[in-house]
Amino acid sequence: MTHEFRTSAGGRIDRSSPVEFTFDGKSYQGFAGDTLASALLANGVHLVGRSYKYHRPRGIVTAGSEEPNALVGIAREKGQNTPNLRAPQVEIYQGLNAESQNRFPSLSFDIGAVNDLLSPLFVAGFYYKTFMWPRSFWQRVYEPFIRSAAGLGKAPTDPDKDRYANYYAHCDVLVIGSGPAGLAAANAAAQSGARVILCDEQAELGGSLLHDATSMIDGKSAADWASETIKALSENDRVTLLPRTTGFGYYAQNFVALAERVTDHLANPDQSLPRERLWQVRAKEVVIATGAIERPLVFPENDRPGVMMAEAGRIYLNRYGAMAGKRVVIATACDTAYRTAVDLKAAGVDVAVIADLRPEPVGVHVDAARSAGIRVEGACVVTGTKGRLRVKSARLGRIRPDGSVTVMGEEACDSLLMSGGWTPNVSLYSQSRGKVVWDEEAGAYLPGPSVQHERSAGSCHGVYGLHAVLEDGYRAGESAARAVSSAAKRPETPSVSGGEAGAGGTLGALPHDRDPSRVRAFIDFQNDVTAKDVKLAVREGFHSIEHIKRYTTTGMATDQGRLSNMNALSVASKSLEKPIPQVGLTTFRQPYTPVTFGTFATTARGEAFDPVRRTPMHDWAVEKGAEFEDVSLWKRAWYFPRPGESMHEAVARECATVRESVGIFDASTLGKIEVVGPDAAEFLNRVYTNPFLKLGVGRLRYGIMLSEAGFIMDDGVVGRIAEDRFHVTTTTGGAPRVLAHLEDYLQTEWPDLNVWLTSTTEQWAVIAVQGPRARDVIAPLVEGIDLSTESMPHMSVREGRICGVPTRLFRMSFTGEAGYEINVPASRGREVWDAVWKNVEAAGGAPYGTETMHVLRAEKGYIIVGQETDGTVVPNDVGMDWAVGKKKADFIGIRSLTRPDIVAAGRKQLVGVLTKDPKVILEEGAQITAEASPALKTPALGHVTSSYYSSALGRSMALAMIADGRDRIGDTIYVPTAEGVVVVEIVSPVFYDAEGGKLVA
Amino acid sequence: MLLISCPYCGVERPEIEFRHAGEAHIARPAEPSKLTDEEWAEYLYMRTNPKGLMAERWRHTHGCGRFFNAIRDTVSDKFVTVYKMGEAKPDLDQLLVEAAQ
Amino acid sequence: MPGVPKRRLDLWLRPGKKGRQRQMSRFNFWELAKNALSAHENWGRQWRAPEPKGEYDVVIIGAGGHGLATAYYLAKEHGVTNVAVLEKGWLGGGNTGRNTTIVRSNYLWEESEGLYDHAMDLWQNLSQELNYNVMYSARGVMMLAHTIHDVQVFKRHVYANRLAGVQNEWLTAEEAKEYCPPLNISKNMRYPVLGAALQRKAGVARHDAVAWGYARGADKYGVDIIQNCAVTGIRRGADGAVEGVETSRGFIRAKKIGVVAAGHTTTVMDMAGVRMPLESYPLQALVSEPVKPCFPCVVMSNTIHAYMSQSDKGELVIGAGTDQYISYSQTGGLQIPAHTIEAICELFPMFRRMRMLRNWGGTVDVTPDRSPIIGKTPVPGLFVNCGWGTGGFKATPGSGHVFAHTLAKGEPHPINAPFTLDRYRTGRLIDEAAAAAVAH
Amino acid sequence: MPEKSVYSANADLAPIIATSRVRVAEAAPLIRFSLRGGEAAASHAGTAVGVSLPLEPLTSIATDKVAAFWLGPDEWNLVIQDDDARAMFERVETALADTPHSLVDVSDRNRALIISGRKAAWLLNSQVFLDFDEASFPVGMVTRTLFGKAEIMLWRQAEDTFVIEAWRSFMPYVIELLQEASRELEAA
Ligand SMILES: Cc1cc2nc3c(=O)[nH]c(=O)nc-3n(C[C@H](O)[C@H](O)[C@H](O)COP(=O)(O)OP(=O)(O)OC[C@H]3O[C@@H](n4cnc5c(N)ncnc54)[C@H](O)[C@@H]3O)c2cc1C
Ligand SMILES: NC(=O)c1ccc[n+]([C@@H]2O[C@H](COP(=O)([O-])OP(=O)(O)OC[C@H]3O[C@@H](n4cnc5c(N)ncnc54)[C@H](O)[C@@H]3O)[C@@H](O)[C@H]2O)c1
Ligand SMILES: Cc1cc2nc3c(=O)[nH]c(=O)nc-3n(C[C@H](O)[C@H](O)[C@H](O)COP(=O)(O)O)c2cc1C
Ligand SMILES: [Zn+2]
């Protein structure tokens, strides 16, 4: 059986390289250069899939990416399965393993095909009208049933092993499509010296030239001319040729995305190659040369395996040496199918008849067929087909002048090739936001005026006939090059013989003599949409083409209506009694053909998904067994469990250590901004609620920053290093936002201020040393700074050296203990840390992480922006009116603080809460109510913002935001939890060292 | 992805280098405290949100860092012009006429 | 043009039949079966295509889900049937027809909980109520926490919702994986899954069916849905009150106008001289090729910006974020969906080989606090329902219900009372985003 | 452009990528100052460091001891080979004493990579959306831009040699992606 349908010679396959592959477990042989579709056809296999809804047997229809039926799953190794690949695009390789889809148990016997029997019920939109009773059945019965019946292939179940790459490219002229138009355009642009990228979704460049067996260009065969042109282009180093590369997205400003398939066609791809590559191309000019797509004819039973597009039959024959059948009927309304007939006949195929819809077919193509001895019938229409898994015969009818049809008889055949004419492929033009224009003469939508720097060429432009297409291509290439450089010159259009334009075409459902209620003529093959469905939609009031699309799902399948849209539109237009241009067209969207998710995600995967920021001391923490938490892009040490310690134990120990002796903490992730310039103090005075003009050099101040809406946006400590130089710190997560916010005001509101902002977050490593022994620990290492409280009190900053490294030493505390933050240049951070750690360790101290830091500050009632506050909180809410300069005339957010609802009673205020049972630790986020068992929908009084076990208090404690909380101190309130209601008392938010004596010691 | 030309760098760069910064020419009141609640709400929240030409701010965040203004058509997303901070807002009607030519 | 074939065959088709008399059949299996016997030739229109009358009691601008639902409830619950819904394009063609259909109600603030849970109640019975299968599928919406901050925020939601009687629960990472087996909970992920908040009765619905069901329902009560009718002006009388609307199909008189125009609200309100705190951004979504069931629920991750479900037809339906600039183009940049797909591939590494079938955009109207504005405006007779931004589909029934009340009574329903335009003046914002950075 | 550059490969470290077509090496430590201010500040600072600071957007001036990069209309990155950062800082500050400006030592904020070889531009284009055609990005051009999701400063030192500076915590990300892209160069 192998190669039973293979021609004896010719085509672009390598007959000396046989390739074994399997389809549904059965082995077949093809040749290198075959696609899965061509190889199956050569083996006589047409039946390759089942349709979406009715599970009807379906065959290969096209030879390109517009294929609606022949979708297969390709299995490679684990983690490398891919569903829904189009057989005409799958290149075979040794060992290829393909499976049909959407059938059970087998392709030839599919239980789902009962749906076909029920098809009178399963019309467009049927599911909106039923499955409503009983109510609970939708979710339990109907939906699961519908879901499992729907869908095509099976999603992969293992993580994808392959890699994907990205490449940003620029060029003068991007040419999409490499048929005669694209090659000519690329040629013209390249000869003008332009930087050119030429891509084509097919494995081989050349487009229709590769299967044009009769035309001659410059005295050469079309294919030879293509090869020579491509060779010349490939030798030009300003030209990039990209086969297997689909132009899938045309975005604003000539930004075009291409998807290159790098390894899928290889039997054993080199592991260092990516599977696919995303090309993000910025082109100065674009030439769209994507060809035209042949339209199916809409006649009853037009969906049998063996029914194919006529041009596809020609492509399989001339390019792959594969015959669609041995006895072929050709049904057409267009001249181009005659070429297929002639070529088939020349290859020895029996062409039973050309059934032409047109009353009197005439012209060169018709003459050629007639003189080849092929029977041509005018006014002849196919009215049905027979055959279960492959077409066996075609029923022909005669169209009478009044439009009615009489039976002509049946023609036996094993393949039926059809052509309803051509639809210019205007997808990418439309994506570029161009508006297509209906051309009555051409019976097609054609590209209208260019919106971007783009032009269409060749048959996608409505230009047919090889010479005209080449001419159009040269014109487009030249004009594109000219738009880029005036030096553009244009090569002569070569002489052409053959390749005359083929006239004709039809749109919509064809007339027939059969009982309309019993036959179905398919418009959208994959989604099983028939002409009747479209008519039903119109009848039900769906008059917009967009409604018709969504109600019938025509054009929504994986081919996105490439074959069906014009036929659907025509049927709708008839039903609505409105001309086509008034019915409109649905929107073309990216991607042009489906694109792998991995190709969009490219290298953003694992650690490279987002940069992982680590501090200079990160490795030390890893060595010490720290657990980490993600804070914005940073990894921060969370806590340092000792062997066998739980998180709770570790944190309690760390807390106690800080309170009793000393702890060391990596604060490097804090945002830092150096604010410098004569107006620095004035600037800070405007952006913080606090007054800054009088802050002395060498002093620190805690500041709050508001959004203009008055809500707390960030906080931090600001040090005045010099009259005109401040060291500002921000929260870790807030750093980029704060810098942008400050730049915004500086550049747009106050450009007159002489002050500049420089991020120094990563300049400094920051080592916090906190605890009663902090000074003892660092003193031996510090040079040039008097650490005594008199000389360096709480909230001051000094410059000097530590371990010989220049430092900005902050005396400050976020723990309530006396402490320091040692800023040293990042590259020296680890060495200083090591030295400090040695002393800390010797003093019985310990490293602590963010969790301990959070507990310690909560004991002091210090807020964390983002935890106590949530973007709806003003300073007064968290008891920070003290930080708002009363005498200040202005600062960002000031006006918002006096808005009626901001000063109204009932706002939530920061308080402490203590559970009656000191062992109970509330959960953060828990809600607070006034009643022990509140009725449902009782508004909460507030919620717990921070909650910990406090080793200093020897019990649990929490902070909360509670309505009018400060007035309720002493009240007993309730926290409903899953385990029951917890009784708590409202207390002051400062639990530890309320007088602050420890800080100034 | 838009391509945006930065009036400070003098080159066109991809949108990912930029941050959109909202409607342009909404000057912060010199003395906010003098505003009524209505006026303050107007400043804070009310936006032109036009369908058509819009004056908007962008920042060349991952480039020169500068904020600048642009006139863009919010239907076609085409930039009509960009100009530096502090320069006067062009006459949009005039621009429309020019664009039509 | 050279080479264009000059001759084209006539289309050889008989002209279509004239539109039939409108008739409203009930939708059910037997009706379907009966109609199958007559080749479905006898189905009536689901809604009429009436010519606009000169005057209506209420004119609603915008035939999205919210506008249509408003009309439906106006007629059904308030007996106000002399209503027109004016639509510049085709009904349901705005954001209603392009959204990722996530329905949930586990919002943080009491005001939002009230609004969205009201809608949630209506979803449960909506198919039966409308006699139109809107395919409400309560398959559960799971929101992933990737950082300790996320955990705190989601737990706060869970507690708040529990108290308000809104169902929501906390899952550990392992429980989350059990609920959604494709989920990657490996500790080595860039942002590991630390847990999730799950609302079990949340889910998805068929977006188009919601618009169509409400349209059919409203039409049944005599509401005129007038498509291809763009409102171009709002006429106001000497007293400032509205008198009617100028449209592409002439002037239509009405004393009450409800603007439900989503991304186009600013433009419409401008016609009445009312400034709005809105900005319109492109919001993109995409679907994969259809595959057999492989994804049981809805998963959202705000931290890494992705959300996904699988439709009944088999596509993975994925939502991306907004583009950063104002645009009415209904398209956006490649980097936005690409970023979302990155996140999807991290969360579900097996889907890296799936393929994007179609990517589109809508125009969403975003308020400063990310909550809608529903109620009266400073102009007498003019009412507005807008600002749903990236997440209003889920509210469709509830929004229509309370807005109908507002229009009929001239005063807000208690549920939408807090969602005033005035809150931007007083500072009583309902800021879900600030609380959680959760938008959809 | 001098072949000898202020950037030299850190001799203590093995190259990050070493193939026949592209080489990536970490640069030896350098002094870096961020200078902000007007043209007067630029001019005084230039005198102090010994080059005249570029005023044209996206340009640079470089000797084998000093490079000055235009990063914005009031912003320059000064990269200097010298042992005494403090003294250098004081020298520039002194020269600028009477001119409004901001000078900040950011020596430790950045790390630098030197990327050279025939495929250097190709490698960069795996993550950098810029046109490295000589007409668009001539030798001497410098810009801040994005490398994937990391902000970098990128300088074309010679036709086939580029320098990337990034904040130090972003550098592992940059390196990982350069290595990922370079794998293909080793494929058959
Ligand atoms: C990509 C995307 C994903 C989303 N995902 C979700 C989600 O998962 N869950 C969720 O809850 N929400 C989601 N949303 C948001 C949701 O879609 C919207 O909030 C909701 O559909 C708004 O409904 P609507 O009826 O108000 O607006 P629309 O459906 O947009 O209707 C407004 C109508 O007004 C018409 N109109 C405008 N101007 C005029 C005029 N001058 N004259 C006449 N008619 C006019 C428009 O044509 C339009 O039809 C998403 C939105 C998008 C775009
Ligand atoms: N009626 C007629 O006579 C008729 C009709 C159609 C075609 N033709 C003939 O066919 C030829 C058409 O030449 P042409 O150059 O216009 O088209 P073509 O079909 O030869 O080439 C188009 C190429 O574009 C590629 N392509 C399409 N979309 C793409 C995308 N998004 N990304 C990448 N590649 C894509 C295709 O793979 C194909 O190779 C002419 O010879 C013409 O005479 C004639
Ligand atoms: C939930 C949902 C599922 C969709 N599924 C499909 C689909 O299977 N096939 C398809 O082509 N489009 C699908 N679409 C997209 C629509 O075709 C269309 O893009 C969208 O409604 C926006 O309209 P527009 O692209 O015409 O502007 C879907 C849209 C939504 C909202
Ligand atoms: Zn710039």
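None of the values given here were measured: they were computed from a predicted structure. (Residues numbered from 1 in each chain as written. Chains lettered and ligands numbered in written order. Predicted model: local features only at pLDDT ≥ 70, side-chain atom pairs only at ≥ 80, totals over all residues. Heavy atoms only, no water.)

> Give a description of the pattern of salt bridges that names residues and reports values.
Inspection of every chain in the model, using the stated rule, returns 110 salt bridges over all chains. Ionic pairing is found between Glu180(D) and Arg163(A), a salt bridge with its closest N-O pair at 2.5 Å. Residue Glu180(D) is located in helix 4 (residues 171-182), and its partner Arg163(A) is located in the loop between helix 4 (137-149) and strand 8 (164-176); the two belong to separate chains. For Glu180(D), a relative accessible area of 22% corresponds to the partly exposed category. (Salt bridge = Lys/Arg side-chain N within 4 Å of Asp/Glu carboxyl O. Helix = DSSP H or I, 4+ residues; strand = E, 2+ residues; numbered from the N terminus. Buried < 20%, exposed > 50% of the residue type's maximum accessible area, 1.4 Å probe, protein only.)

> Quick one: what's the story with the domain arrangement of chain D, residue by residue and with numbers?
All names here are of chain D. Here chain D is described as being made up of domain 1 (17-28 + 109-187) and domain 2 (31-105). Contact with domain 1, which involves eleven residues of that partner, is made by eleven residues of domain 2. Connecting domain 1 to domain 2 are two salt bridges. Among the ionic pairs, Glu75 bridges to Arg144, the shortest N-O distance being 2.9 Å. One can count six residue pairs in polar contact (both at pLDDT 80 or more) joining domain 1 with domain 2. Put simply, the parts of the chain that give the side of domain 1 that touches domain 2 at least two residues each are strand 8 (110-116), strand 9 (142-147) and strand 10 (150-158). By residue class, the composition of the side of domain 1 that touches domain 2 is five nonpolar, three polar and three charged. (Domains from an automatic or database assignment. Contact = heavy atoms within 4.5 Å. Polar contact = N/O pair within 3.5 Å; in protein donor to acceptor, adjacent residues only side chain to side chain. Nonpolar A, V, L, I, M, F, W, Y, C, P; charged D, E, K, R; others polar.)

> I'd like to hear about the packing of helix 2 (residues 65-78) of chain C against helix 10 (residues 396-409) of chain C, residue by residue, with values.
Residue and element names in this part refer to chain C. Packing of helix 2 against helix 10 leaves a shortest axis separation of 7 Å and a crossing angle of 55 degrees. Regarding the angle of helix 2 to helix 10, the classification is oblique. Crossing handedness for the pair helix 2 and helix 10: right-handed. Each of Gly65, His66, Ala69, Thr70, Tyr73, Leu74, Glu77 and His78 in helix 2 lies in contact with helix 10, whose residues at this interface are Thr396, Pro397, Ser399, Gly400, His401, Phe403, Ala404, His405, Leu407, Ala408 and Lys409. Considering only residue class, the contact of helix 2 with helix 10 consists of eight nonpolar, nine polar and two charged. (Axes fitted to C-alpha atoms, helices over the stretch in contact; angles between N-to-C directions. Parallel < 35°, antiparallel > 145°, perpendicular 65-115°, else oblique. Left-handed = near helix turned anticlockwise from the far one by under 90°.)

> Explain the interface of chain C and chain A to me, and be specific about the residues and the numbers.
Each partner contributes residues to the interface: chain C has 121 residues there, and chain A has 152 residues. Taken together, the connections running from chain C to chain A amount to nine salt bridges. Between Glu923(A) and Lys155(C) there is a salt bridge whose closest N-O contact spans 2.4 Å. Summed over the shared surface of chain C and chain A, the number is 59 residue pairs in polar contact (both at pLDDT 80 or more). For the side of chain C that touches chain A, the element with the most residues is helix 5 (residues 148-164) of chain C, which contributes ten residues. A per-class count over the side of chain C that touches chain A returns 58 nonpolar, 32 polar and 31 charged. Strand direction decides the pairing type here: strand 32 (residues 595-596) of chain A and strand 16 (residues 355-366) of chain C, joined by two bridges, are antiparallel. Following the sheet pairing, Val595(A) is matched in strand 16 of chain C by Met356(C). (Pairing = 2+ DSSP bridges.)

> Lay out the sheet that holds strand 6 (residues 75-80) of chain D with the relevant residues and their values.
Residues and elements named next belong to chain D. Read across the open sheet, the five strands follow the order 4-5-6-3-7; overall the sheet is antiparallel. Looking at strand neighbours, the two that pair on one side only are strand 4 (60-62) and strand 7 (101-105), the edges of this open sheet. Ignoring which end each strand starts from, the neighbouring axes of this sheet average 15 degrees apart. In this fold helix 1 (residues 39-49) packs onto strand 3 (31-37), strand 5 (66-72), strand 6 and strand 7, with an angle of close to 155 degrees to the strand it touches most, strand 3. Sheet strands touched by helix 2 (residues 85-95): strand 3, strand 6 and strand 7. Its angle to strand 7, the strand with the most contacts, is close to 175 degrees.

> I'd like a description of the site of ligand 1, backed by residues and values.
Residue and element names in this part refer to chain C. In the vicinity of ligand 1 lie 38 residues, with Glu87, Asn95, Thr96, Thr100 and Lys394 positioned nearest. Between ligand 1 and Lys88 there is a distance of 3.1 Å, counted from a nitrogen atom to a backbone nitrogen or oxygen. Between ligand 1 and Gly391 there is a distance of 3.1 Å, counted from an oxygen atom to a backbone nitrogen or oxygen. The set of elements that each furnish at least two residues to the shell around ligand 1 consists of helix 2, strand 12 (279-288) and strand 16. The element best represented in the shell around ligand 1 is strand 12, accounting for three residues. The residue inventory of the shell around ligand 1, partitioned by class, reads 17 nonpolar, 17 polar and four charged. (Near = heavy atom within 4 Å.)

> Account for the pairing of strand 3 of chain D, naming residues and giving values.
All names here are of chain D. In terms of burial, strand 3 is largely enclosed, as seven of its seven residues are buried. Residues Ile31, Phe33, Leu35 and Gly37 of strand 3 are buried on one face, and the alternating residues Arg32, Ser34 and Arg36, pointing to the opposite face, are buried as well. Bridge analysis of strand 3 against strand 6 gives six bridges, and the strand direction is antiparallel. By the bridge assignment, Ser34 is partnered in strand 6 with Asn77. Summarising the sheet, strand 3 and strand 7 pair through five bridges and their orientation is antiparallel. In the sheet register, Leu35 faces strand 7, and the bridge partner there is Leu103.

> Account for empty space enclosed by the protein, with residues named and values stated.
Tallied over the entire structure, the rule returns 15 cavities of 30 Å³ or more. Estimated volume of the largest cavity: approximately 440 Å³. Elements that contribute at least two residues to the lining of the largest cavity include exactly helix 3 (126-129), helix 4 and helix 13 (545-552) of chain A. Of the voids in this model, the second largest cavity is the one considered here, and its volume is about 350 Å³. Residue lining of the second largest cavity: 25 residues in total, with Leu85(A), Gln89(A), Arg261(A), Asp264(A) and Arg355(C) positioned closest to the centre. (1 Å grid on protein atoms, 1.4 Å probe; cavity = no way out; pocket = protein on both sides within 12 Å on 5 of 7 lines; lining within 4 Å. Points joined across faces, edges and corners; volume = space filled by probe spheres on them.)

> Account for the environment of Glu91(A), with residues named and values stated.
Residues and elements named next belong to chain A. Relative to the helices and strands, Glu91 resides in the loop between strand 6 (82-86) and strand 7 (96-100). As for Glu91 and Leu36, which are separated by 55 residues in sequence, their C-alpha atoms are 5.9 Å apart. Setting aside anything within four residues of it in sequence, one finds Glu91 in contact with Asp34, Thr35, Leu96, Ala203, Arg244 and His265. Within the structure, Glu91 has its side chain in polar contact with the side chain of Arg244 (distance 2.7 Å).

> So what's going on with the site of ligand 3? Residues and values would help.
Lining the immediate surroundings of ligand 3 are 18 residues, of which Gln560(A), Arg589(A), Gly97(C), Glu315(C) and Arg358(C) lie closest. Per-site note: the chains with residues close to ligand 3 are chains A and C. Separating an oxygen atom of ligand 3 from a side-chain N or O atom of Gln560(A) is a distance of 2.7 Å. Here an oxygen atom of ligand 3 sits 2.9 Å away from a polar atom, N or O, in the side chain of Lys313(C). Elements with a contribution of two residues or more to the shell around ligand 3: helix 13 of chain A together with strand 16 of chain C. In terms of residue class, the shell around ligand 3 is built from four nonpolar, six polar and eight charged.

> So what's going on with the environment of Asn106(C)? Residues and values would help.
Residue and element names in this part refer to chain C. Looking at the secondary structure, you find Asn106 in the loop between strand 3 (102-103) and helix 3 (110-124). Taking C-alpha positions, Asn106 is 34 Å from Thr81, a pair spaced 25 residues apart along the chain. Setting aside anything within four residues of it in sequence, one finds Asn106 in contact with Met143, His157, Asn161, Val166, Gln167, Asn168 and Gln199.

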